Amino acid sequence: MSSNLSGELKEVLRRAGCRLVREGKGDHQIWFSPLSNKHFPVDGKIKSRHTANAVLRQAGLPKQF
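Residues numbered from 1 in each chain as written. Predicted model: local features only at pLDDT ≥ 70, side-chain atom pairs only at ≥ 80, totals over all residues. Heavy atoms only, no water.

Participant: Residue-level account of helix α2 (residues 49-58), with values.
Facilitator: Because the α-helix completes a turn every 3.6 residues, residues three or four places apart line up on one side. Among all positions of α2, only A52, N53, V55 and L56 are buried. One side of α2 carries all its buried residues, which in axial view fall inside an arc of 155°. Exposed positions of α2 whose direction lies more than 90 degrees from the buried face are H50 and R57. Elements in contact with the buried residues of α2: α1 (6-15) and β3 (38-43). Its side-chain oxygen placed 3.1 Å from the backbone nitrogen of H50, S48 serves as the N-cap of α2. Downstream of α2 by a residue or two, G60 has a phi angle that is positive, lying close to 85°. (Buried < 20%, exposed > 50% of the residue type's maximum accessible area, 1.4 Å probe, protein only. Helix = DSSP H or I, 4+ residues; strand = E, 2+ residues; numbered from the N terminus. Arc of directions from axis to C-beta. Contact = heavy atoms within 4.5 Å. Polar contact = N/O pair within 3.5 Å; in protein donor to acceptor, adjacent residues only side chain to side chain.)

Here it is as structure tokens:
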């Protein structure tokens, strides 16, 4: 897979009410989800749908990829 799912994932997170908290190390960002009440990292270059779905799970959202 050569496609980068990060942009699409971040849009899904925003629509669900999640917000960017700060920049993390490297190309990671730290996000917060009001659904799970947790902070979680989002990589800047997600190429695997499994990784994208794992981020959604941390945010308290169902699989979408």
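On we go from here.
Participant: With reference to specific residues and values, describe the environment of K38.
Facilitator: With respect to the secondary-structure elements, K38 resides in strand β3. Sequence spacing of K38 and Q58 is 20 residues, and the spatial spacing of their C-alpha atoms is 7.6 Å. Sequence-distant contacts of K38, defined by excluding residues within four places in its chain, comprise W31, F32 and S33.

Participant: If you had to explain the side chain of S33 to someone new, which residues and values would you point to?
Facilitator: Within the secondary structure, S33 sits in strand β2 (residues 28-33). The exposure class assigned to S33 is buried, which follows from its relative accessible area of 0%. A polar side-chain atom of S33 sits 2.6 Å from the main-chain carbonyl oxygen of A59.

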